[in-house]
Structures are given as structure tokens and as C-alpha cells.
Amino acid sequence: MIDMIGVGPFITIPLMVGAMGGPQAMLGWILGAFFAVCDGLVWAELGAAFPGAGGSYRYLSEIYGSKTLGRLLSFLFIWQLSFSAPLSIASGCIGFSQYASYYWPRLETVFSARQATIALGFLGSIEVRWLVNGATFLAIATCVLAVFLLYRKITDIGWMSKVLFSVVLGTVGWIIFAGVTHFNPKLAFSFPPGAFHLSSQFFSGLGAALLIANYDYWGYYNVAFLGGEVRSAEKNIPRALLLSIFSVACLYIVMNISILGVIPWQELVAASKSDTHFFIVSVFMERVYGHWAANLATGLIMWTAFASVFSLLLGYSRAPYAAAADGNYFPAFAKLHPQHNFPYVSLLALGGAAALFCFLRLADVIAALVVIRILLQFLVQAVGVIVLRIRRPELARPFRMWLFPLPALFAIGGFVFVLWKRPDPIREIRYAALLLAVGLCVYLVRAWRGRDWPFPQLSEMAKT
């Protein structure tokens with residue numbers, strides 16, 4: 001739940017409302033919860049069947065064959081994770097620094113803002129935008145602090161997670177209480193004309209809203225990466241996944257309706273089009289209780305953002321380690337700390353990449369993260385759970401997907417919708433295509449040098 005809540009809902013509410021142009025943006029939260037449950041059932045079945053470190057790395061290998069296609073797909077998953085995981089961590093760090101700007105407005109002073117266009121031949125061109133201000137350096141410092149706190153054995157981390165989570169839950173509860181006790185239904189449900197007219201613009205806005213909802217709900221699967229360190233994983237992984245999704249969905253929906261009942265949606269739409277930060281929770285609390293509450297809420301949101309960064313780094317650092325220990329990633333990532341027995345190289349590498357990504361703009365970070373994950377992980381895995389049922393019907397499955405295969409099919413449909421039904425969908429798809437092309441080249445070079453798949457098979461075919 002720490003992974004899921006993070007800073008996402010506190011910085012993306014204006015983006016969500018702006019995408020759909022009114023309070024009908026609640027459809028994004030509701031449909032986002034539905035698709036999260038569908039995808040969560042995919043993770044639950046696979047996590048219970050294959051408990052252990054690595055998450056999707058192990059699942060893809062088991063589904064598609066550990067010696068053939070599955071080995072390639074598993075490598076590509078870890079390859080994209082080496083970029084998408086730092087993007088996710090960086091988004092939390094950027095959100096932390098943005099809310100800090102409420103206390104120290106000078107953090108928003110821009111030192112440099114640039115945009116570069118890189119030609120990719122038949123793939124077209126990609127745009128890279130970066131921003132340097134005071135908040136950028138605070139975001140980097142936040143990432144460094146998280147790495148420092150995680151640089152220890154996991155048994156020393158449990159109490160930190162509990163403390164962080166208690167404050168996260170208390171913060172959301174306070175926001176909901178404030179909104180419910182000061183709720184104005186005329187504001188919350190003042191839909192603009194044609195709000196639900198099923199036009200191309202409506203579906204384009206819904207696609208953009210669902211992309212943001214995916215970002216805000218994602219994180220439920222992070223327990224799968226820690227499967228080797230979870231007691232009774234075949235029971236507790238599905239429980240953690242599904243209980244987290246149900247709980248966070250309820251919190252999100254109630255919290256967002258509460259905020260819309262205090263702040264007019266027109267302000268949120270205007271904020272989504274502005275380059276300046278809009279501290280939605282700070283403004284909300286200031287209008288309900290006054291300036292003291294805004295200051296306190298801002299501090300709590302910063303705590304929540306840091307808790308998310310902490311938890312994401314903990315979970316993601318285990319995946320490259322599992323792949324490297326299996327011989328299917330760069331060997332350095334398999335190194336364990338000599339004293340505390342944790343994958344310190346993986347932790348430092350992901351933390352360093354996240355610090356570098358803190359120079360990017362938040363909206364670009366979110367869009368690139370979601371598209372890369374969908375194309376190179378979630379779609380392949382959702383299809384894979386169906387393939388696995390066909391290929392290995394005898395496999396022991398401690399948890400079986402409800403109403404199989406409907407949830408997997410709904411998840412696939414939702415992901416495809418998000419990819420195509422949003423403004424300028426090709427831009428982030430080019431990022432994923434470039435990442436895929438480079439990853440394939442890296443894999444083939446490593447496979448050729450080690451005579452790994454597919455080169456032994458090609459040699460046998462040539463002899464035949």
C-alpha cells in the first residue's frame with residue numbers, strides 16, 4: 001500500500017481532471033481500479049505458483065521456457081526495469097520536492113530548461129525535456145537518503161516500513177475526514193455540458209486519465225519481487241496484492257470525491273495547463289482548516305512521498321539481483337553485501353539512475369514509465385498467464401484466477417486502450433521501441449559470446 005499510494009494521487013489529481021475536463025474524471029479512478037484488480041489477479045496466480053525473488057523475471061521464464069524464448073523475455077524485462085524502476089522512483093522524489101516548494105517557493109526558480117530532439121531513423125524521432133531548479137537537487141538528495149537507509153539487512157528495515165505506513169494511512173484518513181465533513185455536492189457533481197458524450201475527445205481524455213490512474217494504482221505487485229523473503233508466500237502474496245488494491249481503490253475514490261467537493265474542478269483544469277506547481281492537498285487543507293493545516297498536510301505528503309521511494313527501491317533492487325544470480329543479466333548485479341547479505345550493487349545502480357532521472361519533467365516521467373511497462377512487461381505477462389494454463393495445466397496453483405480467463409483479457413484490453421487512446425500516443429511508444437531494440441542487441445551480443453540461446457539452436461539447425 002505504501003508503494004501504491006506514494007505521492008501519485010496528491011500530484012496527479014489536476015492532471016486527471018484536466019484530461020477529462022471535469023469531475024467525470026472519477027471514471028478514470030473507477031475504471032483504473034477495475035483494471036488494477038484484473039491485473040492483480042494475474043500477479044496473484046503467478047506469484048502463488050512461483051514464489052521467490054524476481055517477480056516477472058521468474059514468471060516469464062517459467063511461462064515461455066527458461067532455455068528459449070522465456071530467457072530472452074526475462075532478460076528484456078530486467079532490461080526495461082533498469083530504466084522504468086528508476087523512473088518510478090524518480091517520480092516520487094520529484095513529487096517530494098514539488099511539495100517542499102510550498103514551504104520554500106525559491107525551489108521553483110528555474111536555472112535551466114532544455115529540449116532535445118534525437119532522430120532514430122525508421123523509428124522517427126524522440127524528444128527529451130529536462131529541467132534544473134532548486135527542487136531538482138532536493139529530489140536527488142531524497143533519492144540518496146533512501147539508498148542510505150536501505151543500505152542494511154532487510155530485518156532492520158521492517159520497523160521503518162511500519163512507521164512510514166502508519167503516517168501514510170493517517171494522512172489519507174485526515175484528508176478524507178476533512179473532505180467528508182466539508183463536502184459540497186454542488187461542486188463535486190457540477191458536470192460540464194456533454195461530459196458523458198461518447199465522442200472521440202471523450203475517449204481520448206479517458207485514455208489519458210487511465211494512464212494516470214495506472215501510475216497511481218501501480219505498486220500492488222511489488223511484493224512479488226520480494227517473494228523469496230515473504231513467509232508463506234503462496235498465501236500472503238495473493239492476499240497482499242488483492243487487499244492492497246481493494247483498500248487503496250476505496251481510499252482513492254473517496255478522497256478524490258472529497259477534494260472535488262471543496263475545490264472547484266475549473267481550478268484543477270487550469271492548474272493542469274499551468275507550468276507552476278499546484279499543491280492540491282495543501283490548498284485543500286488551507287480552505288478547510290486554515291494555513292496551519294496546509295503546513296502540516298504538506299509535511300505529511302512529503303513523508304508519504306518518501307515512504308513510497310523507500311519501498312520502491314527496496315522491492316525493485318531484488319529483481320536485477322535475481323536475474324544476475326541466474327546468469328541472465330550483468331554479473332555485477334549478483335553481488336551481495338559481504339556483511340548484511342543484500343544486493344548492494346543493484347540498489348546503488350537503481351538509485352543512481354533514479355537520481356539522474358530527477359532532471360526530467362514529472363509528466364514525461366509518468367507517461368514514459370507507464371508505456372514502457374505496459375509494452376515490455378504487463379501485456380506479455382497477462383498473455384502469459386493464459387499461455388501457462390494451456391502449456392502446463394498440471395502445474396500446482398495455490399491461487400487460481402477468479403473467472404479465468406476474463407480478468408486477463410480485460411487487463412489486456414485496458415492496457416491496449418491506454419496505449420492508443422490518448423493524445424500523441426506514438427511519442428512514448430518510440431521510447432519503448434528504442435529500449436526494446438537496444439535490449440535485443442545487448443542480449444544477442446551476450447548470448448553470442450556465451451553461446452546461449454538462440455545460438456546453440458541455430459548451430460544445430462545449420463548442421464541439420
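What you see is a predicted model; the values in this text were computed from it and never measured. (Residues numbered from 1 in each chain as written. Predicted model: local features only at pLDDT ≥ 70, side-chain atom pairs only at ≥ 80, totals over all residues. Heavy atoms only, no water.)

A.B. asks: I tried to follow the overall build of the protein on my own but got confused; where do I start?
C.D. replies: Regarding its fold elements, the protein presents 20 helices and two strands. Over its C-alpha trace the protein gives a radius of gyration of 22 Å, about what one expects of a compact globule, namely 23 Å for 464 residues. Projected onto its principal axes, the C-alpha coordinates of the protein cover approximately 75 × 50 × 50 Å. For the protein, the residues scored as buried account for 56% of the 464 residues in total. Taking all contacts inside the protein whose residues are at least 6 apart in sequence as the whole, residues at least 24 apart take part in 80%. (Helix = DSSP H or I, 4+ residues; strand = E, 2+ residues; numbered from the N terminus. Rg over C-alpha atoms; globule rule 2.2 N^0.38 Å. Buried < 20%, exposed > 50% of the residue type's maximum accessible area, 1.4 Å probe, protein only. Contact = heavy atoms within 4.5 Å.)

A.B. asks: Can you help me understand the environment of S101 in this one?
C.D. replies: Checked against the element boundaries, S101 lands in helix α5 (residues 69-103). Judged by its relative accessible area of 2%, S101 falls in the buried class. S101 sits 315 residues away from V416 along the chain, and the two C-alpha atoms are 36 Å apart. At 3.2 Å, the side chain of S101 and the backbone oxygen of S97 are in polar contact. (Polar contact = N/O pair within 3.5 Å; in protein donor to acceptor, adjacent residues only side chain to side chain.)

A.B. asks: Hey, could you run me through the pattern of salt bridges in this one?
C.D. replies: Pairing is possible between side chains that carry opposite charge, provided their charged atoms lie close to one another. Applying the stated criterion to the full structure yields six salt bridges. With its nearest N and O atoms 2.9 Å apart, the salt bridge here joins R392 to E62. Of the two residues, R392 sits in the loop between α17 (362-391) and α18 (406-420) while E62 sits in helix α4 (residues 56-64), which places them 330 residues apart along the sequence. Judged by its relative accessible area of 22%, R392 falls in the partly exposed class. Its relative accessible area of 25% is what places E62 among the partly exposed residues. The residue R129 makes a salt bridge to D364 at a minimum N-O spacing of 2.7 Å. On the criterion of sequence distance, the pair formed by R129 in strand β2 (residues 125-133) and D364 in helix α17 is long-range, its members being 235 residues apart. The exposure class assigned to D364 is buried, which follows from its relative accessible area of 15%. Several salt bridges converge on common partners, so that one network encompasses E45, R389 and R397. (Salt bridge = Lys/Arg side-chain N within 4 Å of Asp/Glu carboxyl O.)

A.B. asks: Just checking my understanding: could you explain the packing of helix α6 (residues 134-150) against helix α14 (residues 291-316) for this structure?
C.D. replies: To describe two helices that pack against each other, one gives the angle between their axes and the distance between the axes. Where α6 meets α14, the closest approach of the two axes is 9 Å, and the angle between their N-to-C directions is 55 degrees. Relative to α14, the element α6 is oriented oblique. Note on packing geometry: the crossing formed by α6 with α14 is right-handed. For the pair formed by α6 and α14, the contact residues are T142, C143, L145, A146, V147, L149 and L150 on the first element and F306, V309, F310, L313 and L314 on the second. (Axes fitted to C-alpha atoms, helices over the stretch in contact; angles between N-to-C directions. Parallel < 35°, antiparallel > 145°, perpendicular 65-115°, else oblique. Left-handed = near helix turned anticlockwise from the far one by under 90°.)

A.B. asks: How should unusual backbone geometry be read in this particular structure?
C.D. replies: Glycine aside, residues mostly have negative phi, and peptide bonds are mostly found in the trans state. Residue P405 is bonded to the preceding F404 through a cis peptide linkage, with omega at 0 degrees. Inspection of the secondary structure assignment puts P405 in the loop between α17 and α18. Although it is not a glycine, S232 sits at a positive phi angle of roughly 45 degrees. Checked against the element boundaries, S232 lands in the loop between α10 (222-225) and α11 (233-260).

A.B. asks: What should I look at first to understand the packing of aromatic side chains in this one?
C.D. replies: Two numbers describe a pair of aromatic rings. These are the distance of the centres and the angle of the planes. Scanning the entire structure with this criterion turns up 32 aromatic pairs. Ring centres 6.4 Å apart and planes at 15 degrees place the aromatic pair F75 and W79 in the stacked group. Pair noted here: F75 and W79 are both in helix α5, with a separation of four residues, about one helical turn. Under the relative-accessibility criterion, F75 is labelled buried at 0%. Ring plane angle 55 degrees and centroid distance 5.3 Å describe the contact between F75 and Y443, whose orientation is recorded as tilted. Here Y443 lies in helix α19 (residues 426-450) and F75 lies in helix α5, a separation of 368 residues in the sequence. Linked through ring pairs, W43, Y59, W218, Y220, Y221, F378 and F415 together constitute an aromatic cluster. Positioned above the aromatic ring of F404 is the side chain of R389, whose terminal nitrogen or guanidinium carbon lies 3.9 Å from the ring centre. (Phe/Tyr/Trp six-rings, centres within 6.5 Å; stacked < 30°, edge-to-face > 60°. Lys NZ or Arg CZ within 6 Å of the ring centre and 35° of its normal.)

Any functional reading would require information that these geometric values do not contain.
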